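# Structure at a glance
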Amino acid sequence: MSKKIILSGVQPTARPHIGNYFGAMKQFVNFQTTQPDAEKFFMIVDYHALNTVQDAAQMKQFTYDLALDYLAIGLDPEHSTLFKQSDVSAHTELAWIFDTIITMPYLMRAHAFKDAEAKNKEISVGTFNYPVLMAADILLYGTTTVPVGQDQKQHVEYSRDIAQKFNSIFGETFHLPEPMIMEHVGTVPGIDGRKMSKSYNNTIPLFATREEITKAVMGIVTDSGSDIPTNVRAIHALFKSETELTALYDANKGKYKILKEALIEDIDAFIKPLRERRAELAQDPDRVAQVLKQGAVRANERAQAKLIEVKKAIGVL
Ligand code: ADP
Ligand code: TRP
């Protein structure tokens, strides 16, 4: 088996939340110790975010923030290549090439597209094409493993399909990637019980202040009919073992306030060191720029080599 290549990305669309962390970002950091020999690429997918963030100042801010977040959770630019999608033009170029070999009905089966359509949203071509750009992100690096949350599983399957289709038309060019989902986390629920998501306004931000944590936890929707507030418990499960949880929730049946206060303590104890590390890193904004620049150089090297191979395969070079 050839070398393991791990790649993933997060959209700079808003502050990341604990769902992003436990569902995806935490694994990125763990790989540095569990997969020291694998190559690792972690992106800020700004061109994907452009579907929703259409304000230059905001785009700049979210991008910088996410780079800082990546560093603050412990990603080490010496072990992992951190870069911005828009710094590597091969991504959009390859997405176009893929566009020519896949069909509209095929893309219309994507969950994200169907959800948007069901909500009668005016869907941009970029949103429709989202899985194609994501396939290019993944396939350009010979990626073997894509650590993501459950909601992205279908997108990784799209990239496999697209790789297979390309290979069958133009000859063996792309490696088929595998998604890697943390099963026991799967989907982290938000404070309203739906999936925690930047777009639902139901998040607990990853670098939240104590006040923000308190406000979010106090806002967790509880069903007053039951002894155990399931939404509180589900979020609590990220911070305590099942045994500890059972003991705590059994001892405090129906005492929502006490349980919420315990959750605030646990979240704050977890976030505090991250918050402090982030504040420290924020003292040196030039370092963030430098990390992304270095990442772009490394990523471009890899992506360009693959793109040349692709161009030869399709006959434009
Ligand atoms: P959001 O849905 O909040 O906009 P993104 O689409 O930017 O988040 O997702 C970034 C990463 O975080 C993806 O790998 C995604 O699967 C993961 N993720 C997002 N929300 C959750 C959640 N509630 N639980 C687990 N993982 C999540
Ligand atoms: N679609 C992913 C999300 O919403 C972000 C993403 C873009 C991504 N390109 C990727 C994730 C490549 C993994 C690999 O979270």
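The shown structure was predicted, so the numbers you read here are calculated from the model rather than taken from an experiment. (Residues numbered from 1 in each chain as written. Chains lettered and ligands numbered in written order. Predicted model: local features only at pLDDT ≥ 70, side-chain atom pairs only at ≥ 80, totals over all residues. Heavy atoms only, no water.)

### A few points about the site of ligand 2
Around ligand 2, the structure places 14 residues, and the nearest of them are His 48, Tyr 130, Met 134, Asp 137 and Gln 152. Taking Asp 137, its side chain carries an N or O atom lying 2.7 Å from a nitrogen atom of ligand 2. Looking at the shell around ligand 2, the elements with two or more residues in it are β1 (5-10), α8 (130-139) and β4 (145-148). (Near = heavy atom within 4 Å. Polar contact = N/O pair within 3.5 Å; in protein donor to acceptor, adjacent residues only side chain to side chain. Helix = DSSP H or I, 4+ residues; strand = E, 2+ residues; numbered from the N terminus.)

### Regarding the site of ligand 1
In the vicinity of ligand 1 lie 17 residues, with His 17, Gly 149, Asp 151, Val 188 and Lys 198 positioned nearest. In this structure, an oxygen atom belonging to ligand 1 sits 2.7 Å away from a side-chain N or O atom of His 17. In isolation ligand 1 has 540 Å² of accessible area, and contact with the protein removes 93% of it. (Areas by Shrake-Rupley, 256 points an atom, 1.4 Å probe, with all protein chains shown as cover.)

### Considering the packing of α8 against helix α9 (residues 153-170)
Relative orientation of the contacting elements α8 and α9 amounts to 70°, with a least axis distance of 9 Å. Taken as axis vectors, α8 and α9 run roughly perpendicular relative to one another. Across the interface between the two elements, Tyr 130, Pro 131, Val 132, Met 134, Ala 135, Ile 138 and Leu 139 from α8 touch His 155, Val 156, Tyr 158, Ser 159, Ile 162 and Ala 163 from α9. Classifying every residue of the contact of α8 with α9 gives 11 nonpolar, 2 polar and no charged. (Axes fitted to C-alpha atoms, helices over the stretch in contact; angles between N-to-C directions. Parallel < 35°, antiparallel > 145°, perpendicular 65-115°, else oblique. Contact = heavy atoms within 4.5 Å. Nonpolar A, V, L, I, M, F, W, Y, C, P; charged D, E, K, R; others polar.)

### So, the nonpolar core
Counting residues in each nonpolar core, the largest one holds 50 residues, and the members touching the most others are Ile 18, Tyr 70 and Ile 267. When residues are assigned to domains, this core turns out to be shared by domain 1 (5-186 + 285-314) and domain 2 (198-280), each giving three or more. Beyond its immediate chain neighbours, meaning those up to four positions away, Ile 267 contacts Ile 204, Ile 213, Val 217, Ile 235 and Phe 239. Phe 98, Ala 136, Val 146 and Val 156 belong to the second largest nonpolar core, which has 42 residues in total. (Core = buried A, V, L, I, M, F, W, Y, C linked by side-chain atoms within 4.5 Å. Buried < 20%, exposed > 50% of the residue type's maximum accessible area, 1.4 Å probe, protein only. Domains from an automatic or database assignment.)

### Let's talk about helix α12 (residues 242-251)
If you check which residues of α12 are buried, you get Leu 245, Leu 248 and Tyr 249. Around the axis of α12, the buried residues are gathered within 90° of arc, so they sit on the same side. Along α12, exposed side chains directed more than 90 degrees from the buried face belong to Thr 243 and Ala 251. (Arc of directions from axis to C-beta.)

### Section: the domain arrangement of the protein chain
You can read the domains of the protein chain as domain 1 (5-186 + 285-314) and domain 2 (198-280). Using only C-alpha atoms to locate each centre, domain 1 and domain 2 end up separated by 30 Å. Counting each side, the surface lost to burial between domain 1 and domain 2 is near 1,600 Å², with a carbon and sulfur contribution of 65%. On the domain 1 side of the interface with domain 2, the three residues burying the most area are Arg 15, Ile 18 and Ala 72, jointly 38% of the side's total. At the junction of domain 1 with domain 2, the criterion picks out 3 salt bridges. A salt bridge links Arg 15 to Glu 212, with the nearest nitrogen and oxygen atoms 3.0 Å apart. Across the contact surface, domain 1 and domain 2 share 6 residue pairs in polar contact (both at pLDDT 80 or more). Only α1 (18-34) and α3 (56-72) provide two or more residues apiece to the side of domain 1 that touches domain 2. Looking at the side of domain 1 that touches domain 2, its residues break down into 11 nonpolar, 4 polar and 3 charged. (Buried area = accessible area lost by both parts, 1.4 Å probe. Salt bridge = Lys/Arg side-chain N within 4 Å of Asp/Glu carboxyl O.)

### Describing unusual backbone geometry
Phi at Asn 201 is positive, roughly 60°, even though this residue is not glycine. Within the fold, Asn 201 resides in the loop between β5 (178-181) and α10 (210-218).

### Remarks on the pattern of salt bridges
Considering all chains together, one arrives at 18 salt bridges under this definition. In this structure, Lys 195 engages Asp 151 in a salt bridge whose closest nitrogen and oxygen atoms are separated by 2.6 Å. Highlighted residues: Lys 195 in the loop between β5 and α10 and Asp 151 in the loop between β4 and α9, separated in sequence by 44 residues. Taking the relative accessible area as the measure of exposure, Asp 151 reaches 40% and is therefore partly exposed. Measuring nitrogen to oxygen at the nearest pair gives 3.9 Å for the salt bridge that ties Glu 157 to Lys 153. Residue Glu 157 and its partner Lys 153 are both found in helix α9; the two are separated by 4 residues, about one turn of the helix. Overall, Lys 153 belongs to the partly exposed group, its relative accessible area being 32%. The structure contains a network of salt bridges with shared partners spanning Arg 210, Glu 265, Asp 268 and Arg 275.

### Here we look at the packing of α3 against helix α13 (residues 256-281)
Running from amino to carboxyl end, α3 crosses α13 at an angle of 125°, the nearest separation of the two axes being 9 Å. On the basis of the axis angle, α3 is oblique to α13. The handedness of the crossing between α3 and α13 comes out as right-handed. Across the interface between the two elements, Asp 65, Leu 68, Asp 69, Leu 71 and Ala 72 from α3 touch Leu 274, Arg 277, Arg 278 and Leu 281 from α13. Here the residues of the contact of α3 with α13 are counted per class, giving 5 nonpolar, no polar and 4 charged. (Left-handed = near helix turned anticlockwise from the far one by under 90°.)

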